[in-house]
Amino acid sequence: MDIESIFLPGIAPARPVIIAGPCSAETEKQVLTTAREVAAQGIKIFRSGIWKPRTKPGGFEGIGTIGLNWLKRVKQETGMYVTTEVANKEHVSEALEAGIDILWLGARTSVNPFAVQDIADALRGVDVPVLVKNPINPDLELWIGAIERLYAAGIRRLGAIHRGFSSYDRKTFRNPPMWYIPIELRRRIPNLPMFCDPSHIAGKQDRIALLSQQAMDLQFDGLVIETHSHPEEAWSDSAQQITPEMLEHMLNRLVIRSADHLSQRLLELRYRMDQIDEGLLDLLARRMQISDELGEYKKTHDMPVLQTSRYSEVIERRTELGETLDLDPEFVRKIMKSIHEESIRRQMTVMDQELQGWR
Ligand code: PEP
Ligand code: MN
C-alpha cells in the first residue's frame, strides 16, 4: 500500500507522536482546561470523543455536535490539531465541516464492514488523515479489511491504533494486548504508522506506563493516551484516564530505543537463535515422519488414530519435563497440543488415502 505520512505540518515524525485528551468531551470548560494543560507540555494532537459508542443504552453517549465547537476553540487557542471518532457518514460530514484534522474509527466500527464502507464512501475525494482502531475481536484480517476499504476510497494518510482485544478475562487488562496481532499488521503493511492506545488496553491508570514502554520497544510510532484534568469526575472511562501531570511524568520516563544500530552482539544472538530454529524445524519434520509411519501401522492393525489416554500422557509428561528445564507449563502445553494436532491430521490423511482411492 502506498501510504502517505500521517504527520501533519509541525509534527516531527520522531517517536513517539502523542495524541492526548479526554475519552469524551463533557463540558466546554473540561475540554479547554485539559487542552491547555496538555498543550503546555508540547502535545500537538488533542483527542476527544464527541459521539460515544457505549455498550448499553442510557449511559453518556457523547455530547454530540455542540462539542465540535469546543474542539474548534481548542484549535484556535492552543494551535493543537484535533481528532475525534466518527462512526457514520453524518459524523464524517459534521467533523469535516468543523475542521477536525484527523478522524478515527473506533473498535466497534472497524468490526463492521458495512459501517466502514459507508464511512469510506463518505470520505471519497477527501484528503484527511484517518486512524483505524483494531476491531474489538482479535481478527487481523478484519482490521486490514477496514484499512483497505479506506485506501480503496482514496484515503492515503492512514494509520492504525492498537487498543487491545475484547475478552472475558479482564483480570489483568480491560482489553488484552495480544501483541502478536499488531506485530503481524506491521509485517503485512510495513509503512503504516502504528499507534498504541494503552488506556483502553489497561482499563485503569496503572499499567499505562508499562504498556507505553512496551509499545515503544515494539517500534510503535505513537501513543494515544486518555487524559482528563479530573479523571475521577470523568463521565466515561474514568478509571483509565490520567491527568496531564501524570502524562508528563510518564512521557519523561519513556525510554526510546532505536533499531538503527545493530550491534555485533545482537547479530550474534540472532544468528544463534536462527541456528536453533533450523534445528527445531528439522526435529519437527523427523517427528512428523514418525507420525506417518505410525498412521500406516495403525491402519494395517485396524487401530483408531486417536487414543485419548496416550494423548493425555504425552502432554503431562512433556509438561513435567519442560518444568525441569525451566519452561512455562502453559507454553509447553500449547506447543505439544499443536504438534499433536498436526500429527493426528497426518495420520488421518494416511487413513483416508484408501477412502480417497475408493471414491
Ligand atoms: C475511545 O477511544 O474512547 C473509544 C471509544 O475507544 P475504542 O473504540 O477503542 O473502544
Ligand atoms: Mn474511552
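Everything below is about the structure printed above this text.
Everything quoted here is computed from the prediction, not taken from an experiment.

Novice: Help me understand the packing of helix α3 (residues 89-97) against helix α5 (residues 113-123) in this model?
Specialist: Where α3 meets α5, the closest approach of the two axes is 8 Å, and the angle between their N-to-C directions is 35°. In the crossing of α3 with α5, the sense of the turn from one axis to the other is right-handed. Contacts between α3 and α5 involve Lys89, Val92 and Leu96 from the first element and Asp118, Ile119, Ala122 and Leu123 from the second.

Novice: Would you mind going over the coordination of the manganese ion (ligand 2) with me for this structure?
Specialist: Reference values for coordination geometry: four tetrahedral donors around a metal ideally subtend 109.5 degrees, six octahedral donors ideally subtend 90 or 180 degrees. The protein atoms that coordinate the manganese ion (ligand 2) are Cys23 (SG), His200 (NE2), Glu226 (OE) and Asp237 (OD), at distances spanning 2.1 to 2.4 Å. Of note, the manganese ion (ligand 2) draws all its donor residues from one chain, in the sequence arrangement C-x176-H-x25-E-x10-D. Remark: glutamate 226 occurs in strand β8 (residues 222-226) and histidine 200 occurs in helix α8 (residues 198-202); sequence separation between them is 26 residues.

Novice: I'm lost on the site of ligand 1 in this one. Help?
Specialist: Lining the immediate surroundings of ligand 1 are Cys23, Arg47, Lys52, Glu85, Trp104, Gly106, Ala107, Arg108, Lys133, Arg163, His200 and Glu226. Within the backbone of alanine 107, an N or O atom sits 2.8 Å from an oxygen atom of ligand 1. Glutamate 226 has a polar side-chain atom sitting 3.1 Å from an oxygen atom of ligand 1. More than half of the atoms belonging to ligand 1 lie within 2 Å of the grid points that define the largest pocket.

Novice: Whenever I open this one, a nonpolar patch on the surface confuses me. Can you help?
Specialist: Nonpolar side chains collect at one region of the surface, where Leu321, Leu325, Leu327, Phe331 and Ile335 lie side by side and expose about 450 Å² of accessible area between them. Mapped onto the fold, leucine 325 is located in the loop between α12 (308-324) and α13 (329-358). By relative accessible area, which is 55% here, leucine 325 ends up exposed.

Novice: Help me understand the nonpolar core in this model?
Specialist: One finds Phe46, Leu123, Trp143, Leu150, Leu158 and Leu185 to be the most contacted residues of the largest nonpolar core, which totals 65 residues. Sort the elements by how many residues they give to this core and helix α6 (residues 140-152) lands first, with 7 residues. In terms of nonpolar packing, the next biggest core, distinct from the first, is built from 13 residues, Leu8, Ile19, Ile102 and Val224 among them.

Novice: Sorry if this is basic, but what is going on with the environment of alanine 35 here?
Specialist: One can find alanine 35 in helix α1 (residues 28-39). For alanine 35, a relative accessible area of 0% gives the class buried. Put simply, alanine 35 and phenylalanine 46 are 11 residues apart on the chain and 6.9 Å apart in space, counted from C-alpha to C-alpha. For alanine 35, the contacting residues outside a window of four places in its chain are Phe46, Val74, Thr78 and Met80.

Novice: Explain the environment of threonine 34 to me, please; I cannot follow it from the model alone.
Specialist: Of note, threonine 34 is situated in helix α1. Each C-alpha atom of the pair threonine 34 and alanine 20 lies 9.3 Å from the other, and the pair is 14 residues apart in sequence. Setting aside residues up to four positions removed in sequence, threonine 34 forms contacts with Pro22, Phe46, Thr227, His228 and Ser229. One polar contact links the side chain of threonine 34 to the main-chain amide nitrogen of serine 229, over a distance of 3.2 Å.

Novice: Sorry if this is basic, but what is going on with the pairing of strand β6 (residues 158-162) here?
Specialist: The side chains of a regular strand alternate, residue by residue, between the two faces of the sheet. With 5 of 5 residues buried, β6 lies mostly within the body of the structure. Neither face of β6 is exposed, since Leu158, Ala160 and His162 on one face and Gly159 and Ile161 on the opposite face are all buried. At this point the chain moves from strand β5 (residues 130-133), through α6, to the parallel β6, and the crossover so formed is right-handed. Pairing of β6 with strand β7 (residues 194-196) involves 3 bridges; the strand directions are parallel. The residue of β7 that forms the bridge with alanine 160 is methionine 194. A crossover connection joins β6 to the parallel β7 through helix α7 (residues 180-188); in handedness this β-α-β unit is right-handed.

Novice: Got a minute to help me understand the packing of aromatic side chains in this structure?
Specialist: Note on aromatic pairs: each is described by the distance of the centres and the angle between the planes. Throughout the structure, instances matching the rule amount to 3 aromatic pairs. Consider the rings of phenylalanine 60 and tryptophan 235, whose centres lie 5.0 Å apart with planes at 85°: the pair is edge-to-face. In this pair, phenylalanine 60 sits in the loop between β2 (45-47) and α2 (66-78) while tryptophan 235 sits in the loop between β8 and α10 (244-253), placing the two residues 175 residues apart along the sequence. We classify tryptophan 235 as partly exposed; its relative accessible area is 42%.

Novice: Is there a simple way to explain the sheet that holds strand β3 (residues 81-85) in this structure?
Specialist: By way of backbone hydrogen bonds, the strands of a sheet pair with one another, either parallel or antiparallel. Taken in spatial order, the 8 strands line up as β1-β2-β3-β4-β5-β6-β7-β8 and close into a barrel, and their pairing is parallel. Strand-to-strand twist in this sheet, taken as the mean axis angle between neighbours without regard to direction, amounts to 25°. The sheet contact formed by β3 and strand β4 (residues 102-105) spans 3 bridges and is parallel. If you follow threonine 83 over to β4, its bridge partner there is isoleucine 102. Lying on the sheet, helix α9 (residues 208-217) is in contact with β7 and β8; it crosses β8 at an angle near 165°.

The rules we used
- Here, residues in each chain are numbered from 1, in the same order as that chain's written sequence.
- Labels follow written order: the first chain is A, the first ligand is 1, and so on.
- The predicted nature of this model means local features are confined to residues of pLDDT at least 70 and side-chain atom pairs, given and counted, to a pLDDT of 80 or more, with totals for whole chains, interfaces and linings taken over all residues.
- Hydrogens and waters are ignored; side-chain quantities use all the structure's heavy atoms.
- Note on definitions: angles span 0 to 180 degrees between N-to-C directions of axes, and those axes are lines fitted to C-alpha atoms, for helices only across the stretch in contact.
- Helix numbers and strand numbers start at the N terminus; a helix is a DSSP run of H or I with at least 4 residues, a strand a run of E with at least 2.
- The handedness criterion is simple: a crossing whose near helix is rotated anticlockwise from the far helix by less than a right angle is left-handed, and one whose near helix is rotated clockwise is right-handed.
- Residues are treated as being in contact if the distance between any of their heavy atoms lies within 4.5 Å.
- Here a donor is any nitrogen, oxygen or sulfur atom (N, O, S) within 2.8 Å of the metal, with 3.2 Å used for Na, K and Ca; water is not among the atoms considered, so some sites may look incomplete.
- We call a residue near a molecule or strand whenever a single non-hydrogen atom of that residue lies within 4 Å of it.
- Counted as a polar contact is a pair of N or O atoms within 3.5 Å, where, for protein atoms, one must be capable of donating a hydrogen and the other of accepting one, and residues adjacent in sequence contribute only when both atoms are in side chains.
- For cavity detection a 1 Å grid was placed over the protein atoms alone, and a set of points counts as a cavity when a 1.4 Å probe fits there but cannot get out; an open set counts as a pocket when protein lies on both sides within 12 Å along at least five of seven lines, with lining residues being those that have an atom within 4 Å of a point.
- To be counted as sitting in a cavity or pocket, a molecule needs more than half of its atoms within 2 Å of that site's grid points.
- What goes into a patch is any residue over 30% in relative accessible area without a salt bridge, connected to like charges within 9 Å or, for nonpolar side chains (Val, Leu, Ile, Met, Phe, Trp, Tyr), within 5 Å.
- Note on areas: these come from Shrake-Rupley sampling with a 1.4 Å probe, and a residue is covered only by the protein chains present in the view.
- Salt bridges are defined by distance alone: a side-chain nitrogen of Lys or Arg within 4 Å of a carboxyl oxygen of Asp or Glu.
- The rule is simple: take the accessible area with a 1.4 Å probe, protein chains only, and divide by the maximum for that residue type; under 20% is buried, over 50% is exposed, in between is partly exposed.
- We call a set of buried Ala, Val, Leu, Ile, Met, Phe, Trp, Tyr and Cys residues a nonpolar core when their side-chain atoms join them within 4.5 Å.
- Handedness of a crossover: with both strands directed away from the viewer, a clockwise path from the first strand across the helix to the second marks it as right-handed.
- In this scheme, strands are said to pair when DSSP sees at least two bridges between them.
- The aromatic pairing rule takes the rings of Phe, Tyr and Trp, using the six-membered ring of Trp, and pairs them if the centres are within 6.5 Å, calling planes under 30 degrees apart stacked, those over 60 edge-to-face and the rest tilted.

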